[in-house]
Amino acid sequence: MSNRSSSNRSSSSSSSSSSSNSSSGDPSSFTKNSQLKQVFYGIAYTPEGSQLPNCGNSLADVITDIQLLSQLTTRLRLYGADCNQSALVLEAIKQTKVNMQVYLGNYPVATDAGAAYARQRDLILNALQTYGAGNVAGIIVGNEFVLNYLSSQGSSSSTDANGALGNAAAALLVPNITDTRTKVNALGLSKTIPIGNAEAGAYFNNEILSASDFGMSNVHPWFADVSIDQAASWTYEYFETTNVQPAAALSNAPTMYIAETGWPTASDSTSAQSNGPSQANTTNLQEFLDTFVCQANANNTGYFFFEYFDETWKATAYGGVEGHWGLFYSNRTLKEVTIPSC
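Note that the coordinates shown come from a computational prediction; the quantities given were computed from them, not determined experimentally.

Asks: Outline the overall build of the chain, listing residues and values.
Replies: Summing up its helical and strand segments, the chain has nine helices and eight strands in all. Taking 20 Å as the expected radius of gyration for a compact globule of 342 residues, we find that the chain reaches 19 Å, a close match to that expectation. For the C-alpha atoms alone, the extent of the chain along its principal axes is close to 55 × 50 × 40 Å. By the burial criterion, 56% of the 342 residues in the chain qualify as buried. Of the contacts formed within the chain by residues at least 6 apart in sequence, a portion of 77% connects residues at least 24 apart. Of the roughly 12600 Å² of accessible surface on the chain, a fraction of 48% belongs to carbon and sulfur atoms. Charge separation in the chain, taken as the distance between the mean sites of 16 positive and 27 negative side-chain charges, equals 9 Å.

As structure tokens, this is what we get:
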């Protein structure tokens, strides 16, 4: 799924019916929800209100989110660093005292002479100086950068990812990856933080992967027009053949993860209610949960389920299924699904 800004995750603000900040004032003491199970390898997340220029996110909301997310997973991936979201997430983990590792995100764009990259890099470096590396699993530099670059050049052919246009995108992004690694290492942290890249599954560029410690692949059966009964197996097979095997052939053999996969539960237009063979609804989200999560765990596939909660800003801006990928509704209430037991 294409993420359209350097800090592009949002949701409407509401108190959660699943968990809340403790009335004792201690965020590490909170009521657990018996509906939730810590079975996901990871979950995709951006704090509500983390878009420029408004920056409406808050530590209180992030604490609530981390309390909920910690009952589902021990790993998160972020997309950008604007609006101080890296520090908010690390502070919330500190206060809740949960077991959580985070892949911080930097969402550079190709058309601003590196301004978005540098702005977010400095926010990440400041957060690392404040909180250290203990809860940081890695830093993602770029999300669907090659896809977005090719689209901006009027090309959407996956064969261009390692052609002239793909390599032109790499020439812009690889210096960002290298710069991040250099500046993070210069902090003298307690551990080395891996630096990697996230991309649409068919758009990985070998020069970018060769400069990365890991790659994260967005793999969505919905956008591939795959039926729900085939979605889980297709996701695994596509990831293995299109991403894992080619990456293993590179000299640095970067570790590969699924950065996004999931299933939408509604659409804001009737034309986008189905992907052709299957519908966007909670019944099909349940089937994908039941057929993908435990099998991926058994296969030792690293994945980040897309996503934590519905993002109402995307429903307004883009329509279709864009605002309806969450496990939770935008008010942080679990959808009508049962989290599988693995």
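Moving on, there is more to tell.
Asks: How would you sum up helix α1 (residues 59-69)? Please name residues and give values.
Replies: Buried residues dominate α1, accounting for nine of its eleven residues. Of the positions making up α1, those classed as buried are D61, V62, I63, T64, D65, I66, Q67, L68 and L69.

Asks: Can you explain the environment of D310? Please cite residues and give values.
Replies: Within the fold, D310 resides in the loop between β8 (303-305) and α9 (312-318). Considered as a pair, D310 and H324 are 14 residues apart in the sequence and their alpha carbons are 5.0 Å apart. A distance of 3.3 Å separates a polar side-chain atom of D310 from the backbone nitrogen of W325. Within the local environment of D310, its side chain forms a polar contact with the side chain of K335, the two groups lying 2.7 Å apart.

Asks: I'd love a proper account of empty space enclosed by the protein, names of residues and values included.
Replies: Going through the model one piece at a time under the given rule, you end up with one cavity of 30 Å³ or more. Each pocket or cavity is described by its volume, and for the largest cavity that value is around 30 Å³. Taken together, N106, R121, I124, L125, I139, T180 and V184 make up the lining of the largest cavity. Looking at the lining of the largest cavity, the elements that each hand over two or more residues are α3 (115-131) and α5 (164-185). Ranked by residues supplied to the lining of the largest cavity, first place goes to α3 with three residues. A breakdown of the residues in the lining of the largest cavity according to their chemical character gives four nonpolar, two polar and one charged.

Asks: Go over the state of the cysteines, please, and point to the residues and values.
Replies: Taken as a whole, this structure holds two disulfides when the rule is applied. Disulfide pairing is shown between C55 and C83; the S-S distance is 2.1 Å. Looking down the S-S bond of the C55 and C83 bridge, the torsion is -70°, so its handedness is left-handed. Note that C55 is positioned in the loop between β1 (43-44) and α1 and C83 in the loop between β2 (75-77) and α2 (85-96), a separation of 28 residues in sequence. Note on C55: relative accessible area 29%, which makes it partly exposed. Classification of C83 as buried rests on a relative accessible area of 9%. Residue pairing for C294: its cysteine sulfur links by disulfide to C342, the two sulfurs lying 1.9 Å apart. Taking the sign of the S-S torsion, about -85° here, the bridge from C294 to C342 comes out left-handed. Highlighted residues: C294 in helix α8 (residues 282-298) and C342 in the segment after α9, separated in sequence by 48 residues.

Asks: With reference to specific residues and values, describe unusual backbone geometry.
Replies: In this model, L52 is joined to P53 through a cis peptide bond whose omega is 5°. Here the amide bond leading from F306 into E307 is cis, since omega sits at 5°, within 30 degrees of zero. Among the structural elements, E307 can be located in the loop between β8 and α9. With a phi close to 55°, A113 is a non-glycine residue in the positive phi region. For A113, the position within the fold is in the loop between β3 (101-106) and α3. A residue is classified by how much of its surface remains accessible, and A113, at 84% relative accessible area, is exposed. Of note, the phi angle at N300 is positive, near 60°, even though the residue is not glycine. In this fold, N300 is placed in the loop between α8 and β8. For N300, a relative accessible area of 72% corresponds to the exposed category.

Asks: Outline the pattern of salt bridges, listing residues and values.
Replies: Side chains bearing opposite charge may pair, as long as their charged atoms lie close to each other. Summed over the entire model, instances satisfying the criterion amount to ten salt bridges. In this structure, the salt-bridge partner of R119 is D82, at a minimum N-O distance of 2.7 Å. Of this pair, R119 sits in helix α3 while D82 sits in the loop between β2 and α2; the two residues are 37 residues apart in sequence, bridging distant segments of the chain. Residue R119 is classed as partly exposed on the basis of its relative accessible area, which comes to 35%. Residues K183 and D179 are paired through a salt bridge, measuring 2.6 Å at the closest nitrogen-oxygen approach. With K183 and D179 both in helix α5, this residue pair falls four residues apart, about one helical turn. We classify D179 as buried; its relative accessible area is 17%.

Rules of the game
Residue positions are given per chain, counting from 1 as you read along its sequence in written order. Owing to the predicted nature of the model, reporting of local features is limited to residues with pLDDT of at least 70; listing and counting of side-chain atom pairs is limited to 80 or more, with chain, interface and lining totals taken over all residues. Side-chain numbers come from the whole structure's heavy atoms, not from hydrogens or water. By definition, any uninterrupted DSSP run of H or I lasting at least four residues is a helix, any uninterrupted run of E lasting at least two residues is a strand, and each is numbered from the N terminus. For a compact globule the rule gives 2.2 Å times the number of residues to the power 0.38, and the radius of gyration it is set against comes from C-alpha atoms. For every residue, the accessible area obtained with a 1.4 Å probe (protein chains only) is divided by the maximum for its type, and the residue is called buried under 20%, exposed over 50%, and partly exposed between those limits. We call two residues in contact whenever any of their non-hydrogen atoms come within 4.5 Å of each other. Note on areas: these come from Shrake-Rupley sampling with a 1.4 Å probe, and a residue is covered only by the protein chains present in the view. Residues scored as positive are Lys and Arg, those scored as negative are Asp and Glu, and His as well as the terminal groups of each chain are ignored. The atoms used to mark charge sites are NZ of Lys, CZ of Arg, CG of Asp and CD of Glu. Distance and chemistry together define a polar contact, namely a pair of N or O atoms within 3.5 Å, with one atom able to donate a hydrogen and the other to accept it when in protein, and with adjacent residues in sequence counting only for side-chain atoms on both sides. Space inside and on the surface of the protein is sampled on a 1 Å grid over the protein atoms alone, with a cavity defined as a set of points where a 1.4 Å probe fits but cannot get out and a pocket as an open set with protein on both sides within 12 Å along at least 5 of 7 lines; lining residues have an atom within 4 Å of a point. Grid points are joined across faces, edges and corners, and a volume is the space filled by probe spheres set on the points. Throughout this entry, Asp, Glu, Lys and Arg are counted as charged residues, while Ala, Val, Leu, Ile, Met, Phe, Trp, Tyr, Cys and Pro are counted as nonpolar. The remaining residues, Gly among them, count as polar. Note that a disulfide, as used here, is simply two cysteine sulfur atoms within 2.5 Å. By convention in these notes, a salt bridge is any Lys or Arg side-chain nitrogen within 4 Å of a carboxyl oxygen on Asp or Glu.

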